Every structure is written in structure tokens, then in C-alpha cells.
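# A structural walkthrough
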2 protein chains.
Amino acid sequence: MSTVTAESRPYHHGDLSRALVDAARKILETEGPAALSLRAVAREAGVSPAAPYHHFKDKAELLEAVAHEGWHELDLALSAARASTDDARARISNLGVAYVCFARDNPALYRVMYDRSRDKDALPDQLKDDGAYCQVRDTINENSGGHVSDIDLELATIAAWCAGHGLAEMIGFKQFATLKAQLGGEEAFLRAVFEHLGMFAKFTAPKD
Amino acid sequence: MSTVTAESRPYHHGDLSRALVDAARKILETEGPAALSLRAVAREAGVSPAAPYHHFKDKAELLEAVAHEGWHELDLALSAARASTDDARARISNLGVAYVCFARDNPALYRVMYDRSRDKDALPDQLKDDGAYCQVRDTINENSGGHVSDIDLELATIAAWCAGHGLAEMIGFKQFATLKAQLGGEEAFLRAVFEHLGMFAKFTAPKD
DNA sequence: GCGCCAATCTGAACGACGTCAAGATAATCT
DNA sequence: AGATTATCTTGACGTCGTTCAGATTGGCGC
């Protein structure tokens, strides 16, 4: 019998994979992405620098696991935001705010998520299989009353995602500080930016 | 008399700073951002690994110089795009396309530019002092007939910038390949995404 | 219950990295 | 010309990602 509480009960350490991912996330939160070395993760987990190689082929593969958790948590955050609003018109905007707030509250994690994506030149498939991407798409679809073509829906989702990501990466930039203050806080700033996205648009969504 | 052709004619090497930045950019183009080590840059420039420290206090400071050049070239690219269109209505969309195309054509450089910005939590001041940011703002201003408040103009510029940046970071993602093909090419895809940005908007810009 | 096998971990090592200090070299200043 | 100062080299330190040989240990067949 093993003393491990979790369901998978491996050998010496007791689910080292799990411990490594947790250690990585702890380092990310407390010391930032620059301090996230494989050796530091092993140190934090109390194992030798070579131990992780029995669970991940690479440093990249460990980061992939961390990113995977991040995407899942983003998924949860968007679900919560979506459920918390009755007004279909407001949902899409709340989703955007929730997305950016997730990035603001987990900056290191968010960075790992996109660094990994850019290295692979692809977002994780996770997103399309009932993940965060679907939530955005479905919300847009509801908001347009359902009578929008598949291709328009896809394009609108991509557009929303890009705007959200861009804002998420820049939300902490010092240049926006005075504007945030003028508008009465960060969330108000976020909503204001989203509402000014129309200058490119021929196709303006709330057409109904 | 010195045999150096450039105007500034320093000591042993002959403008090593310049040579280092050029070497860095060459490595970026040919081997990608992962291969961009200070030692590799020094090697490429034909000097010892410690030589760069007489011209840049850090690896970060070298990258800053590289990024600075990148922002300037982005500036030129946007100028060209802006000048190439008579129709004020089309200018803003052309600017967006030009922005993303710059990122697509200089992916490693673009990455260095934003990596440095995120490390400093700020875009370079360069942008606001008659740089690329101003071009976007002025173009939006022209496009709105000039009767838009300062704060709305600022917010619209930020919104456009975020959307452009988000799209720039994801334009190469494999998930978009089929959609690009369906729409008849990358540029058509870009325009289509931009035109679908309206779903967030209460304030739709081409109001006149 | 015992021995074997395979999975798991350690220890030491390699090459590459960023950075620094000490010394050599060469351009500039007086 | 001689002193000064900026520039570059050499060598070193600590850290990193990764590999490999060997030690450890749990699970499985007998």
C-alpha cells in the first residue's frame, strides 16, 4: 500500500510529474518567467536536475504541461464570466474583460501559454475542442441572433481573440496609466478600449 | 586617417556597436531568436565574447538597440502604406494590413521588439514621439473627419494597436491555414478579420 | 516470500551561456 | 613623445539544458 493520496501512485517520489508542474507554477508566480529553469524546478521539487527527464522529454514539454493547465484555467474563468451575465448583449464584452483580467492576474502563466504557442506556430487543439475558443464563438453566435454565416462567425471569433490577446499583452504597459485613471479604473479602461474597436469594421456585429 | 567608411570612426574594430547590431539581426533572420546569444553575436562580428560589454552594459541593452531599429523600420513601413492610398476610408485598413505584414515578414525582429517591451512593461517612447503610434492615431483622426474627442481618439488608437498586435502574433498559426485558403490568400484573410472587429463596438468609428 | 525486471532517481560530466576582472593593445590628448 | 583612456582578449566563475552510467526501488512471476 502506498501513502500517496492521488490516484496515480508511481515509484519513488509519488507523482513527480504533478510535483514538477506545481513547482514550476510556484516559481512562475513567485519569481517570474526568467527564473523558470529546469534545474530550479527540480530543486523546488526536491529532486536531482536529471530527474525530470524521466517524465518530460524536454524543458519545453514541462512548459507544455504548465501551459495546458493555464489554458484550462482560462477556460474556467471564461465560463464563469459567461454564466454571470443574463444580458446576451453584455456577455461578449464581459468575456473580453474576463480574458484580459486572467492575463493580468496570471501574467507569467499567460506568457508561458503564448510562448509555447508561438514556438509551435499553433494554438493548442484544446481550445477548439470545447475550450475557451468555443466559448467566445458561441457567445458571439448568441449575440448575433444565430443568423450569421459560419465563416463570418469564425472570422468574428478570431477578431475578438486577437483584440483580447493584444490588450492582454499590453494592459500592464505604463503608457496607459493616465488613461486608466481618467476613466476610473482598469476595468473601465478595458471596456472603453473594446468599445472603440469599430474603426476597422464594415461588418458591425450587433446588427440584429 | 582611418579606413572606416562610416562617419563615426572609433578605435580597434571600427564601430563595433554597429557591427554587433548588424550581427544580431543577421542571426535573428537566419537562425531565429533562440540562437541569438551574446556569444554568437560576438562570434559573428569576429570579436571575443567580452567585447560587447564595452558598448552595451547587457545582453538586454543590445537587444534594445535591435528593437529600436525594428520600431523605426515599422515606422517606415506604416508611412509607406499610408502614403500609398488616396482613399481616407481605406487608409486605416491598409495600415492594419501593413502592420501585420511587417510582423509576418520580420517575425524574429518583431518578437524581440515586444519581448523587450514586456520586460519593461512599456512601449518605447519612440512610438509616441512622431512614431508609428502617431501614424495610426492621425490616420484614425482623418478617417473620423476630425470631430472626435481626444480621449476617444486615444482609445480608438489603442484598440486598433491591440487588434493589430494580436493578429500579428497569431497570423502564422496553423489553425488559420484553411480559412486563409478559403478567403483567397493571407491579405484577404487579414482584411476580413479586421472587418469583423465590430462585435465589441458600441462606438463604430466611420460615423461621419 | 524471493528474484528478476523495469521504472525511477542520483552523480558526474559536457558544452554553451551571461558576465566579470585583469591584462594587453592601440588611438587620442597634451 | 609620453600619459591617458578607450578598446579588445584571455581566462575564469556560476548557471543552464542535457546525457549517461550506475544506484535504488517498486511490481510481477515463481
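Just so you know, these numbers come straight off a predicted model, no measurement behind them. (Residues numbered from 1 in each chain as written. Chains lettered and ligands numbered in written order. Predicted model: local features only at pLDDT ≥ 70, side-chain atom pairs only at ≥ 80, totals over all residues. Heavy atoms only, no water.)

## As for the protein's contact with DNA strand D
Going by this rule: Think of it this way: one heavy atom of a residue within 4 Å of a molecule or strand is enough to make that residue near it. Whenever a nitrogen or oxygen atom comes within 3.5 Å of another N or O atom, the pair is scored as a polar contact, on the condition that within protein one atom can donate a hydrogen and the other can accept it, and that pairs from neighbouring residues in sequence are kept only if both atoms are in side chains. Segments assigned H or I by DSSP are reported as helices when at least four residues long, segments assigned E as strands when at least two residues long, and all are numbered from the N terminus. In this classification, the charged set is Asp, Glu, Lys and Arg, the nonpolar set is Ala, Val, Leu, Ile, Met, Phe, Trp, Tyr, Cys and Pro, and all remaining amino acids, among them Gly, are polar.
Around DNA strand D lies a shell of 22 residues, among which A:Arg39, A:Arg43, B:Ser48, B:His54 and B:His55 are the nearest. Within 4 Å of the protein, the contacting atoms of DNA strand D are 56% sugar and phosphate, with bases supplying the remainder. A:Arg43 has a polar side-chain atom sitting 2.7 Å from a phosphate oxygen of DNA strand D. A distance of 2.9 Å separates a phosphate oxygen of DNA strand D from a polar atom in the side chain of A:Tyr53. Among the elements that take part in the surface near DNA strand D, helix α2 (residues 38-45) of chain A stands out by supplying 3 residues, more than any other. Partitioned by chemical class, the residues of the surface near DNA strand D number 9 nonpolar, 7 polar and 6 charged.

## Quick notes on the domain arrangement of chain A
Bring the parts together and some accessible area is lost; that lost area is often taken as the interface size. Residue and element names in this part refer to chain A. Cut-off, in case you're wondering: Each domain span listed reflects an automatic or database assignment of domains. What makes two residues a contact is simply this: any of their non-hydrogen atoms within 4.5 Å. Put simply, buried area is how much 1.4 Å-probe accessible surface two parts lose in total, over both of them, once they are put together. Salt bridge criterion: a side-chain nitrogen from Lys or Arg within 4 Å of a carboxyl oxygen from Asp or Glu.
As assigned here, chain A comprises domain 1 (1-56) and domain 2 (58-200). Using only C-alpha atoms to locate each centre, domain 1 and domain 2 end up separated by 29 Å. Contact residues are listed per partner, giving 13 residues for domain 1 and 12 residues for domain 2. Carbon and sulfur atoms supply 70% of the area buried between domain 1 and domain 2, which totals about 1,200 Å² over both sides. The largest per-residue losses of area from domain 1 upon contact with domain 2 belong to Arg-25, Leu-28 and Phe-56, which jointly make up 49% of the total buried on that side. At the junction of domain 1 and domain 2, the tally comes to 3 salt bridges. At the boundary of domain 1 with domain 2, the tally comes to 5 residue pairs in polar contact (both at pLDDT 80 or more). Mapped by element, the contributors of at least two residues to the side of domain 1 that touches domain 2 are α1 (16-31) and α2. Residue contributions to the side of domain 1 that touches domain 2 peak at 6 residues, all from α1. Residue composition of the side of domain 1 that touches domain 2, grouped by class: 9 nonpolar, 2 polar and 2 charged.

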